[in-house]
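Spelled out from the first residue to the last, the chains are:
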Amino acid sequence: MNFEYSDKVKDLIARVTEFMDLYVYPVEAEMHKQVELDPWSTPPLMEDLKAKAKAQGLWNLFLPLSYGKYSAGLTNLEYAPLAEIMGKVLWAPEVFNCAAPDTGNMEVLAKYGNETQKKQWLEPLLEGNIRSAFAMTEPDVASSDATNIELSIVRDGDEYVINGRKFYISGACRKQCEIMIVMGKTDPENSNRYIQQSQVLVPMKTPGVTVVRPMKVFGYDDAPEGHAEVVFDNVRVPVDNIIMGEGKGFEIAQGRLGPGRIHHCMRSIGAAQRALDLMCKRVSERIVFGQPMIKQQSIREDIAKSACQIEQARLMTLKAAQKMDTEGNKAAKDLIAMIKIVAPSMALDVIDRAIQCHGAAGVGQDTFLAHAWAAQRSLRLADGPDQVHMMQLGRDLVKKVAG
Ligand SMILES: Cc1cc2nc3c(=O)[nH]c(=O)nc-3n(C[C@H](O)[C@H](O)[C@H](O)COP(=O)(O)OP(=O)(O)OC[C@H]3O[C@@H](n4cnc5c(N)ncnc54)[C@H](O)[C@@H]3O)c2cc1C
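Residues numbered from 1 in each chain as written. Predicted model: local features only at pLDDT ≥ 70, side-chain atom pairs only at ≥ 80, totals over all residues. Heavy atoms only, no water.

1. Some details on the overall build of the protein chain
Counting secondary structure elements, the protein chain contains 12 helices and 9 strands. For 403 residues, the compact-globule formula gives about 22 Å, and the C-alpha radius of gyration of the protein chain, at 21 Å, lands near that figure. Seen through its C-alpha atoms, the protein chain measures out along the principal axes to roughly 75 × 60 × 45 Å. Taking all 403 residues of the protein chain together, 54% fall into the buried category. Put simply, of all contacts in the protein chain between residues at least 6 apart along the chain, 74% involve residues at least 24 apart. Of the accessible surface of the protein chain, which amounts to about 18,200 Å², a share of 53% is contributed by carbon and sulfur atoms. (Helix = DSSP H or I, 4+ residues; strand = E, 2+ residues; numbered from the N terminus. Rg over C-alpha atoms; globule rule 2.2 N^0.38 Å. Buried < 20%, exposed > 50% of the residue type's maximum accessible area, 1.4 Å probe, protein only. Contact = heavy atoms within 4.5 Å. Areas by Shrake-Rupley, 256 points an atom, 1.4 Å probe, with all protein chains shown as cover.)

In structure tokens form, the structure reads like this:
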């Protein structure tokens, strides 16, 4: 394995770092103020930053080479250090049009959408002109098992009629969110539970779609993105809005998750690294019992353990990314599961230590730590709870050895 970056990637790392230093970190407080004023709209500051990033060619870096004309030309391995830098500020990935759930939705449309769907939805998403959501989880069933999904999609002539309730649908609260990819069942009685599901494009403004409320994450509403509870009450869309065809929902969901999961992990590493950097600064400045905190052995251990954990996770992420690039997402399945199990918990450990070093300030609003902790804790659920990855990984590893 060779994780030495090419000159092209070194240049991008320098440019994304400089962009963050010049334009993102200095406006973190201002961004929060703008969000508070109008929680469910894209803040004007975000639009300014997007325009700057786009003008500098720091745009859509996430889309791997295999997506042809839509790709910015980077492999997963090359994108990893860039996503890590963006992950240091929760809202920064959007500045570069590299934020979930849009990234996953763009990948789905690029890979599985037809030409009309691409024109109508992928192109404005790639331009950053609209936002999107992916609606799978339902409050009434254990949604970590996609075969449980109950939302019904029934064909009626040239239309599908959709009924059901979803929650924690990231992005759907935002006024600029125009399209949802909705997972439901077109064939609930099929004896094969993996072809009961389909994915359908539902414009947010379709009659019968209601955003009931923003769900919270440890008290955070994560505006302007938010995580919506959404009701579908006799929602009608043309049959052409189906992606790939009936019964393909599960297959598309599987195809979407590999890249999305590893992108989350890259950003988790960035969040952990920023927490460690803050911790280092704090312990060298703060005097406890007559000397800087760093003079204490336990603090040095916290710093050392955090650095070890971050580097382990980083290397594992790079290995998974490289395998995706060289052998495909399916071949990298085990490594992606491993890093999805490891990275958010690692980030939680590191952020928790950083919180402790910061005392009360660590749980407050003056550092990014508390919100970062909440986001990383959610990631142990979102895109599949840890236990589901472990269940599948354990099963597959044993199969390889014992047949
Ligand atoms: C901040 C946030 C954003 C999200 N964004 C989206 C989104 O945009 N779109 C969307 O569709 N969903 C989204 N989700 C939902 C998320 O994907 C689901 O919460 C997740 O898939 C788990 O489904 P569930 O909540 O129904 O939990 P359940 O399926 O009810 O599982 C509950 C718990 O059961 C345990 N469990 C499950 N299986 C096993 C097992 N095999 N062995 C042992 N224990 C097990 C796990 O501890 C699991 O956490 C988001 C969630 C959060 C918190």
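2. Let's talk about the packing of helix α10 (residues 333-358) against helix α11 (residues 369-379)
One can describe the packing of α10 onto α11 by two numbers: an axis separation of 9 Å at closest approach and a directional angle of 155°. With respect to α11, the axis of α10 lies roughly antiparallel. Relative to α11, the crossing made by α10 is left-handed. Across from Lys340, Pro344, Ala347, Leu348, Ile351, Asp352, Ala354, Ile355 and His358 in α10, the residues of α11 making contact are Leu369, Ala372, Trp373, Gln376, Arg377 and Leu379. For the contact of α10 with α11, the class distribution of residues is 10 nonpolar, 2 polar and 3 charged. (Axes fitted to C-alpha atoms, helices over the stretch in contact; angles between N-to-C directions. Parallel < 35°, antiparallel > 145°, perpendicular 65-115°, else oblique. Left-handed = near helix turned anticlockwise from the far one by under 90°. Nonpolar A, V, L, I, M, F, W, Y, C, P; charged D, E, K, R; others polar.)

3. Some thoughts on the packing of helix α4 (residues 76-86) against helix α9 (residues 297-327)
Relative orientation of the contacting elements α4 and α9 amounts to 145°, with a least axis distance of 8 Å. Where α4 abuts α9, its residues Asn76, Leu77, Ala80 and Glu84 lie against Arg314, Leu318, Ala321, Gln322, Met324 and Asp325. When grouped by side-chain class, the residues that make up the contact of α4 with α9 number 5 nonpolar, 2 polar and 3 charged.

4. Some words on the packing of aromatic side chains
One pass over the structure, following the stated rule, counts 5 aromatic pairs. Look at Tyr194 and Phe250: their rings are 4.7 Å apart centre to centre, the planes differ by 70°, and that puts the pair in the edge-to-face class. With Tyr194 in the loop between β4 (177-185) and β5 (197-203) and Phe250 in helix α8 (residues 249-285), this residue pair connects regions lying 56 residues apart in the sequence. Looking at Phe250, the relative accessible area reads 16%, which means it is buried. A cation sits over an aromatic face here: Arg274 above Phe368, 4.5 Å from the ring centre. (Phe/Tyr/Trp six-rings, centres within 6.5 Å; stacked < 30°, edge-to-face > 60°. Lys NZ or Arg CZ within 6 Å of the ring centre and 35° of its normal.)

5. Remarks on the side chain of His264
Note that His264 resides in helix α8. Residues contacting His264, with those up to four places away along its chain left out, are Ala100, Leu379 and Asp383.

6. Remarks on helix α1 (residues 7-24)
In a regular helix each residue adds 1.5 Å, so 18 residues correspond to 26 Å; α1 covers 24 Å between its end C-alpha atoms and thus fits that length. For α1, the complete set of buried residues consists of Val9, Leu12, Val16, Phe19, Met20 and Val24. End-on view of α1: buried residues confined to an arc of 100°, all on one side of the axis. (Expected span 1.5 Å × (residues − 1). Arc of directions from axis to C-beta.)

7. Considering the domain arrangement of the protein chain
Here the domain parsing of the protein chain yields domain 1 (7-127), domain 2 (131-247) and domain 3 (250-402). On a C-alpha basis, the centres of domain 2 and domain 3 stand 29 Å from each other. Listed per partner, the contact involves 14 residues of domain 2 and 13 residues of domain 3. Interface area for domain 2 against domain 3, summed over the two sides, is near 1,200 Å², with a carbon-plus-sulfur share of 71%. Per-residue buried area on domain 2 facing domain 3 is highest for Ser144, Phe218 and Tyr220; these three make up 36% of the total on that side. Inspection of the region where domain 2 meets domain 3 yields 0 salt bridges. (Domains from an automatic or database assignment. Buried area = accessible area lost by both parts, 1.4 Å probe. Salt bridge = Lys/Arg side-chain N within 4 Å of Asp/Glu carboxyl O.)

8. Some words on the UniProt feature "domain: Acyl-CoA dehydrogenase/oxidase C-terminal" (unreviewed entry) in the protein chain
As annotated by UniProt and renumbered to match this structure, "domain: Acyl-CoA dehydrogenase/oxidase C-terminal" (unreviewed entry) occupies residues 247-397. For residues 247-397, helix accounts for 77% and strand for 3%, while the C-alpha atoms at its two ends are 29 Å apart. (UniProt positions renumbered as here; feature names shortened; annotations may be inferred.)

9. Here's the deal with the site of the ligand
Neighbouring the ligand are 21 residues, the closest being Phe134, Met136, Thr137, Ser144 and Tyr168. At 2.9 Å, a backbone N or O of Ser143 approaches an oxygen atom of the ligand. Here Gln387 contributes a side-chain N or O atom positioned 3.1 Å from an oxygen atom of the ligand. Relative to its free-state accessible area of 980 Å², the ligand is covered by the protein chains to the extent of 68%. Counting only elements with at least two residues in the shell around the ligand, the list comes to β1 (131-135), β3 (159-170) and α12 (386-402). Partitioned by chemical class, the residues of the shell around the ligand number 13 nonpolar, 7 polar and 1 charged. The residue makeup of the shell around the ligand includes at least three contributed by each of domain 2 (131-247) and domain 3 (250-402). (Near = heavy atom within 4 Å. Polar contact = N/O pair within 3.5 Å; in protein donor to acceptor, adjacent residues only side chain to side chain.)

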